Amino acid sequence: MQTTDVFDVIYTHTEGEPLCIIHSGIPYPLQSTVLEKRQFLTQNYDWVRKALMREPRGHNDMFGVFLTPPSSPDYDAGLIYIDGETYSHMCGHGTIAVAMAMVAHGMVPRHPSGVTTIRFETTAGLVVAEVTSDGAKVLHTKFENVPAYVEAQDIKIELPKYGVLHADIVWGGNYFGIIDLCKSDLRISPDNGRELIEMGLLARQQINAVYPIQHPTQAHITDLNFITFWHQPTIEGAMYKNVHVFSAGQLDRSPGGTGTSAMMAMFEARGKMGMNQPIRSEGLLGSGTFEGCLLGEVDLNGKRAVRPTVKGTASVLGTARWEINRDDPVAAGFIVR
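A brief structural summary. Once a new chain begins, its residue numbering starts again from 1 and follows that chain's sequence as written. Selection of residues for local features in this predicted model requires a pLDDT of at least 70, selection of side-chain atom pairs for listing and counting requires 80 or more, and totals for whole chains, interfaces and linings are taken over all residues. Side-chain measures here rest on the full set of heavy atoms in the structure, leaving out hydrogens and waters.

### Description of the pairing of strand β11 (residues 175-180)
The criterion, for reference: Residue burial is assigned from relative accessible area. The probe radius is 1.4 Å, only protein chains are included, and a residue is buried under 20% of its type maximum, exposed over 50%, and partly exposed in between. Helix and strand definitions here come from DSSP, where helices need a minimum of 4 consecutive H or I residues and strands a minimum of 2 consecutive E residues; each element is numbered from the N-terminal end. Two strands pair if DSSP finds at least two bridges between them.
Burial analysis of β11 places five of its six residues in the buried class, which makes it a mostly covered element. In terms of strand pairing, strand β10 (residues 163-171) meets β11 through five bridges, oriented antiparallel. Its bridge partner being in β11, Asp168 is matched across the sheet by Ile178. Counted between consecutive antiparallel strands, the loop separating β10 from β11 contains three residues, among which Gly173 sits at a positive phi close to 110°. Pairing geometry for β11 and strand β12 (residues 224-231), over six bridges, is parallel. Paired with Ile178 across the strands is Thr228, a residue of β12.

### Here's the deal with unusual backbone geometry
The residue after Glu55, namely Pro56, is reached through a cis peptide bond having omega 5°. Counting through the fold element by element, Pro56 comes out in the loop between α2 (46-53) and β3 (63-68). The backbone phi angle of Asp154 is positive, close to 60°, even though this residue is not glycine. Along the chain, Asp154 falls in strand β9 (residues 149-159). Despite not being glycine, Ser247 has its phi angle at roughly 50°, a positive value. A relative accessible area of 7% means that Ser247 is categorised as buried.

### Considerations on the state of the cysteines
Two cysteines form a disulfide when their sulfur atoms are joined by a covalent bond. Rules: The term disulfide is used for any two cysteine sulfur atoms that are within 2.5 Å.
Under the criterion given, the structure shown has zero disulfides. In this structure Cys20 is not part of a disulfide, and its nearest cysteine sulfur, from Cys91, lies 13 Å away. Exposure remark for Cys20: the relative accessible area of 0% places this residue in the buried category. Residue Cys91 is classed as buried on the basis of its relative accessible area of 6%.

### Some points on the nonpolar core
Stated formally: Here, the term nonpolar core denotes a set of buried Ala, Val, Leu, Ile, Met, Phe, Trp, Tyr and Cys residues that are joined through side-chain atoms within 4.5 Å. Pairs of residues are marked as contacts when any of their non-hydrogen atoms sit within 4.5 Å.
If you look at the biggest cluster of nonpolar residues, it comprises 81 residues, and the most contacted ones within it are Tyr81, Val98, Phe120, Ile179 and Phe229. The element contributing the most residues to this core is helix α3 (residues 92-104), with eight residues. Aside from chain neighbours lying at most four places away, what touches Val98 is Leu19, Ile21, Leu67, Leu79, Tyr81 and Phe120. Counting residues in hydrophobic clusters, the runner-up holds 22 residues, among them Val9, Ile22, Leu52 and Met53.

### A word on empty space enclosed by the protein
The condition that has to hold: Here a cavity denotes a set of grid points, spaced 1 Å apart and computed over the protein atoms alone, in which a 1.4 Å probe fits but from which it cannot get out, and a pocket denotes an open set meeting protein on both sides within 12 Å along at least five of seven lines; residues with an atom within 4 Å of a point are reported as lining. Grid points are joined across faces, edges and corners, and a volume is the space filled by probe spheres set on the points. Gly counts as polar in this scheme, as do all residues outside two lists: the nonpolar Ala, Val, Leu, Ile, Met, Phe, Trp, Tyr, Cys and Pro, and the charged Asp, Glu, Lys and Arg.
Under the definition given, this model contains one cavity of 30 Å³ or more. Together, 17 residues line the largest cavity, and Cys91, His93, Phe226, Asp252 and Thr258 are the ones closest to its centre. Sorting the residues of the lining of the largest cavity by element identifies α3, β13 (240-246) and α5 (257-269) as the ones contributing at least two each. Looking at the lining of the largest cavity, the element that brings in the most residues is α5, giving three residues. Its residues placed into classes, the lining of the largest cavity shows six nonpolar, nine polar and two charged.

### Focus on the layout of surface pockets
Size it by volume and the largest pocket reaches roughly 190 Å³. Asp154, Leu165, His166, Asp168, Ile178, Ile179, Asp180, Trp230, Met266, Arg270 and Lys272 together form the lining of the largest pocket. At the level of elements, β10 and β11 are the ones that each hand at least two residues to the lining of the largest pocket. If you trace the second largest pocket, you find it lined by Asn60, Asp61, Arg194, Ile197, Ala248, Gly249, Leu251, Arg253, Val336 and Arg337. Of the residues contributing to the lining of the second largest pocket, the split by class is four nonpolar, two polar and four charged.

### Structural notes on the side chain of Asn242
Here is the rule: Pairs of N or O atoms are called polar contacts if they sit within 3.5 Å, as long as, within protein, a hydrogen donor faces a hydrogen acceptor (for residues adjacent in sequence, only side-chain-to-side-chain pairs).
Mapped onto the elements, Asn242 comes out in strand β13. Classification of Asn242 by relative accessible area gives buried; the value is 0%. Side-chain polar atoms of Asn242 contact the backbone oxygen of Pro255, separated by 3.2 Å. Setting aside residues up to four positions removed in sequence, Asn242 forms contacts with Ile188, Thr228, Phe229, Trp230, Pro255, Met263, Glu282, Gly283 and Leu284.

Without other data, these values stay purely geometric and don't point to any function.
Here it is, written out as structure tokens:
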């Protein structure tokens, strides 16, 4: 009989965007930080990422998270976000989902007040989630993200058929190149998925070619992976509709949590929203919205930043116990382009 490794996971979705929560099977080094845990994963368990994110267990747009033990009493758990190509510093739709799943599955004590606070350690920094319950029903998550800020404005890009456009580079837990399509013919719709992917990857290539990235307080963050297209909303009451293109051409189905954080920082910097002004963001599917708000200003090593909160809801889809035989090249994960 072949030796296999076993991993328990929980599957969720947040406005259509999936999450595979990997919560067992990894012997993390004791008292290691979340960055040390990520390095441990990349050196020893990256095959788990590939096996669970890619076919035959996953798919091209699968997203996941390693739910880890905390590194200190300051945290309740660690979050290391992944997809079939790489690792992300933070994820908002994932934080909404994993926090709700932890409460629903009894992975953290449920507070008798109905609001359970979970302090997450991420490679972007501290993220604090508040999960609201009503009896046995888990309703939603609201989290305060890491501080967001605008790194650059009006970077020129040129896209086939659409001409010259401009991008703002904004940090919201990941770096985003945000592109306004309000005066463009390119529309955000599942029917235009292939074109959005092609234009997003081309825009990212152009931005990265002219603008190097370095986070002001996190030395390990030097990458721009996400391109956000946005235009007028289709849901009444939403401020905008957007889609995030990332990694090898994945499309975020949800409004995006780190994306909502970045969009609010961008709007605030341009005088289009203020502090303590709730907004709603719409995603690719148009199935629902996230609620965002800015709580105030902070300083990031000399850069002005804002404190974003994002609120949304997720659903548990099911659980699985996966057996992975590392000697099976097909079951270990593959990609078809």
